[in-house]
Amino acid sequence: MPTKIYKRGRYFYVYGTIEYNGRPISRKYRDSTGSTTEAGARDWLAHETEYQIRQYLLGDEPSKTFSDAIMLYNASPKAAKQLIDIVKEIGDTPLRAISGALLKGLGPKLKPKASTDTWWREIVTPASAVINNAHELEGTPLIRVKPYDKFERIAQDRRRGKISRVERTPADKEWIEAFCGAADPYNAALVRFMFETAARIDQAVSLEPDDLRPAENKIRVKAQKGHPESWITVSPQMMDELLALPPKRPKNRKTGKFMKPRVFGYGSSTGYNTRWKTICKRAGIQYLSAHPAGRHGFFTELVVRQGVDPVTAAKAGRWSDPNLPMRIYAHAETDEADIRARFRTNHVQEDPVQTPKQQKTKKE
């Protein structure tokens, strides 16, 4: 009988056999597709059908393994580093045998003290990219993995004794001014630049003198996180502050060689940390890293404090989808105690307006 899709509990299953020209060509299935949606189950069945027909027509072919797929993948240095331990664990596993559950199960083995967000970012995502790249090039099975849910995240946080997704405190104008009052000119300009433009720390520290167009008040920021290189406009005051900084040539800590001159003088996206902690301590303010000081502070300042509409703020901060910063970056600033107190407030009732008839009756 042809395969049918049905749901049992959370997952969709297939039942029956795969046919070609009305003839059964596979074993009888009664398997879980590993998908919680009908669309995902149909994708699973389509790829399985394609594989079975190809095997029926062409005969058995060697099953490609995860290691084979690695050889087809052009990994970045960062992704290559993440894939080393994954290959050691599942390198000999055929791609057809790798499921979403298998990839998610690598997290506790490879990084038992990490959060589910880290598992997803450093294990599931790069492994899925390798598998799906092989699908594009060789027609091997596609994989879709359901993200870790909140229950899995909470359970892992309990096991490791640490809460993930801690809400960050965004910078405000008072914090920025206090920081700049205790900072040297380079770090003061750096924090103001990120707060004004929502630039990421790597984009900021990578600025070179040629990236400035003073006559137009424009600055070139490099491509990052799927966004292309772009020229952004800054305030005249910001441009004057940047032009007043003599460029510095930072030293590459790995090679010991001097790099090209940079506007803020840092050679890496982490070099600012120690200096900023000292500045915050001197200023008597809470330490904030570059992201909450800049990108978080930018969106919260515009949307929450100044009432700028999210679409405009997202465009100015170079977010393609305004829902993303609204969900992650816009921090509510109303005190919870103040919200509760509103339900206990006694509203002042105005004296009702009396009609002439009521006034006459009162006199009588």
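Above this note sits the structure.
Keep in mind the model is a prediction, meaning the values are calculated, not measured. (Residues numbered from 1 in each chain as written. Predicted model: local features only at pLDDT ≥ 70, side-chain atom pairs only at ≥ 80, totals over all residues. Heavy atoms only, no water.)

### Quick word on the overall build of the protein
Then comes step 1: When its secondary structure is counted, the protein shows 16 helices and 8 strands.
Then comes step 2: Considering the protein as a whole, with its 364 residues, one finds that 36% of them fall into the buried category.
Then comes step 3: Expressed as a percentage of contacts within the protein between residues at least 6 apart in sequence, the contacts between residues at least 24 apart total 54%.
Then comes step 4: Accessible surface computed for the protein: about 22,700 Å², of which carbon and sulfur atoms make up 51%. (Helix = DSSP H or I, 4+ residues; strand = E, 2+ residues; numbered from the N terminus. Buried < 20%, exposed > 50% of the residue type's maximum accessible area, 1.4 Å probe, protein only. Contact = heavy atoms within 4.5 Å. Areas by Shrake-Rupley, 256 points an atom, 1.4 Å probe, with all protein chains shown as cover.)

### Concerning the nonpolar core
Then comes step 1: Counting residues in hydrophobic clusters, the biggest one holds 39 residues, and the most contacted among them are W175, F179, F193, I219, L242, F264 and W276.
Then comes step 2: Per-element accounting of this core gives the leading share, 8 residues, to helix α8 (residues 185-197).
Then comes step 3: Those residues in contact with F179 that sit more than four places away from it in its chain are N187, V191, W276, I279, C280 and I285. (Core = buried A, V, L, I, M, F, W, Y, C linked by side-chain atoms within 4.5 Å.)

### Quick word on the pattern of salt bridges
Then comes step 1: As enumerated under the stated definition, the model contains 12 salt bridges in all.
Then comes step 2: The partner of K109 in a salt bridge is E89, with the nearest N and O atoms 3.9 Å apart. Of this pair, K109 sits in helix α4 (residues 100-110) while E89 sits in helix α3 (residues 77-90), placing them 20 residues apart in sequence. (Salt bridge = Lys/Arg side-chain N within 4 Å of Asp/Glu carboxyl O.)

### Brief notes about the packing of aromatic side chains
Then comes step 1: According to the stated counting rule, one finds 8 aromatic pairs in the structure shown.
Then comes step 2: Consider the rings of W119 and Y148, whose centres lie 5.6 Å apart with planes at 55°: the pair is tilted. Highlighted residues: W119 in helix α5 (residues 116-138) and Y148 in the loop between α5 and α6 (150-160), separated in sequence by 29 residues. For the pair shown, W119 and Y148 are each scored as buried. (Phe/Tyr/Trp six-rings, centres within 6.5 Å; stacked < 30°, edge-to-face > 60°.)

### A word on the sheet that holds strand β8 (residues 230-233)
Then comes step 1: Within the open sheet, the 3 strands sit side by side as β6-β7-β8. Their pairing is antiparallel. Since the sheet does not close on itself, it has two edges, and those belong to β6 (212-213) and β8, each with one partner.
Then comes step 2: As paired strands, β6 and strand β7 (residues 218-221) are joined by 2 bridges and run antiparallel to one another. The partner of L212 across the bridge, within β7, is I219. (Pairing = 2+ DSSP bridges.)

### Things to note about unusual backbone geometry
Then comes step 1: Backbone geometry places N21, a non-glycine residue, at a positive phi of 55°.
Then comes step 2: Tracing the chain through its elements places N21 in the loop between β3 (19-20) and β4 (23-24).
Then comes step 3: Positive phi, normally seen in glycine, also occurs at N217, with a value near 55°.
Then comes step 4: Residue placement: N217 occurs in the loop between β6 and β7.

### Re the packing of α8 against helix α11 (residues 273-283)
Then comes step 1: Where α8 meets α11, the axes come as close as 12 Å, and the angle between the chain directions of the two elements is 95°. By the angle class used here, α8 and α11 are roughly perpendicular. Between α8, through N187, L190, V191 and M194, and α11, the contact on the second element is made entirely by R275, W276 and I279.
Then comes step 2: For the contact of α8 with α11, the per-class residue count stands at 5 nonpolar, 1 polar and 1 charged. (Axes fitted to C-alpha atoms, helices over the stretch in contact; angles between N-to-C directions. Parallel < 35°, antiparallel > 145°, perpendicular 65-115°, else oblique. Nonpolar A, V, L, I, M, F, W, Y, C, P; charged D, E, K, R; others polar.)

### Side note on the sheet that holds strand β1 (residues 4-8)
Then comes step 1: Taken together, 3 strands build an open sheet; the order of strands is β1-β2-β5 and the sheet is antiparallel. Because the sheet does not close on itself, it has two edges, and the strands there are β1 and β5 (29-32). Each adjacent strand pair in this sheet contributes to an overall mean axis angle of 25°, direction not counted.
Then comes step 2: Note that strand β2 (residues 11-16) and β5 share 4 bridges and pair antiparallel.

### Details of the environment of W120
Then comes step 1: With respect to the secondary-structure elements, W120 resides in helix α5.
Then comes step 2: Separated by 13 residues in sequence, W120 and G107 have C-alpha atoms that sit 8.1 Å apart.
Then comes step 3: Once you skip the residues sitting within four places of it in the chain, W120 turns out to touch T125, P126, V145, K146, P147 and Y148.

### Overview of the environment of T169
Then comes step 1: Within the secondary structure, T169 is located in the loop between α6 and α7 (173-182).
Then comes step 2: Residue class for T169 comes out partly exposed when judged on its relative accessible area of 38%.
Then comes step 3: Filtering out sequence-adjacent residues up to four positions away, T169 remains in contact with Q286, L288 and P292.

### What to know about α11
Helical geometry: 3.6 residues make up each α-helical turn, so side chains three or four residues apart lie on a common side.
Then comes step 1: Residues of α11 that are buried: W276, I279 and C280. Buried residues of α11, seen end-on, are gathered within an arc of 95° and therefore sit on one face of the element. Across from the buried face of α11, at angles greater than 90 degrees, the exposed residues are T274, K281 and R282.
Then comes step 2: G284 lies just past α11 and shows a positive phi near 70°. (Arc of directions from axis to C-beta.)

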